[in-house]
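Given next are the chains, with one letter for each unit.
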Amino acid sequence: MRTVKEVSELSGVTVRALHHYDSIGLLPATEVTAAGYRLYDDKALERLQMILLFRELKFPLAEIKTILDGPGFDRTRALKQQIRLLELQRERLGELIDLARSIQPTGVKHMSKQSFEAFDTKKIDEYAAEAKKTWGKTAAWSEFERKSEGRTKEEELSLADRLIAVFGEFGAIRESDPASPEVRALVVKLQAFITENYYTCTDRILAGLGQMYAGGGEMTENIDRCAGEGTGAFANAAIAAYLASK
């Protein structure tokens, strides 16, 4: 078993990020000691490797959690993709080293397309995009694509403003009992809004979103900045109370 500090040193992932991954259920600690220290076993480290792979493919954390927890996840296939992506990155790094060595003595004298090829990331970007397609078609994501197809930028911004307004309502009553009827109605409103405009917000998805709202990362900061300090944590508590009462 390794401590969170040891995992951070081993993986390069910051302690703060590991705490965030735990809080949103993406990488739960294998064990928490009586003193509150998080401990991770080899299975957790394997999951962290998969998380880092999908981060390289530019997946948001919520989607990574859905993929890794899904019944169709194929670890062997994901590792093959990781190996190929790393090979492409190694090839590009080698080309950059060769270019730097060639111009070191005298500098660049001949400005041609070939002299800039080492900086081209097209091959890596295309492979990453193709690999992402392999995992990006969860039911929720496919539904999101269908619902967002054809929306203008103005319409997307309007939806975002309306969602922020819902969190504003949470912020206005964040001193209330999370289990009160008023708060419960607001959770129902949030779940319905997400379902109508983005994807079917099942109770399981709603619970995961609540954890992200309170997880301490960028999403929490954005919610609290717009709706008041502690709103993200309150929304999570309200969601938990709502689901517990069903």
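Presented here is a report on the structure given in the accompanying data block.

Parameters and conventions
- Residues numbered from 1 in each chain as written.
- Predicted model: local features only at pLDDT ≥ 70, side-chain atom pairs only at ≥ 80, totals over all residues.
- Heavy atoms only, no water.
- Salt bridge = Lys/Arg side-chain N within 4 Å of Asp/Glu carboxyl O.
- Helix = DSSP H or I, 4+ residues; strand = E, 2+ residues; numbered from the N terminus.
- Buried < 20%, exposed > 50% of the residue type's maximum accessible area, 1.4 Å probe, protein only.
- Expected span 1.5 Å × (residues − 1).
- Arc of directions from axis to C-beta.
- Pairing = 2+ DSSP bridges.

Evaluation of the coordinates by the stated rule reveals 8 salt bridges. The partner of Arg16 in a salt bridge is Glu221, with the nearest N and O atoms 3.2 Å apart. One end of the pair, Arg16, is in helix α2 (residues 15–23); the other, Glu221, is in helix α11 (residues 218–227), and 205 residues separate them in sequence. Note that Arg151 and Glu156 form a salt bridge whose closest N and O atoms lie 3.8 Å from each other. Residue classification places Glu156 among the partly exposed residues on the basis of a relative accessible area of 27%. Through salt bridges with shared partners, one network takes in Arg47, Lys65 and Asp69.

Moving on to helix α12 (residues 231–244). For α12, built from 14 residues, the straight-helix expectation of 20 Å at 1.5 Å per residue is met to within 8% by its first-to-last C-alpha distance of 20 Å. When α12 is considered as a whole, its buried residues turn out to be Thr231, Gly232, Phe234, Ala235, Ala238, Ile239 and Tyr242. One face of α12 carries all of its buried residues, which in axial projection span an arc of 160°.

Take the sheet that holds strand β3 (residues 38–40) next. Taken in spatial order, the 3 strands make up an open sheet running β1-β3-β2, and their pairing is antiparallel. Pairing within the sheet leaves two strands with one partner each, and these edge strands are β1 (2–3) and β2 (31–32). Summarising the sheet, β2 and β3 pair through 2 bridges and their orientation is antiparallel. In the strand pairing of β3, Val32 is matched with Arg38.

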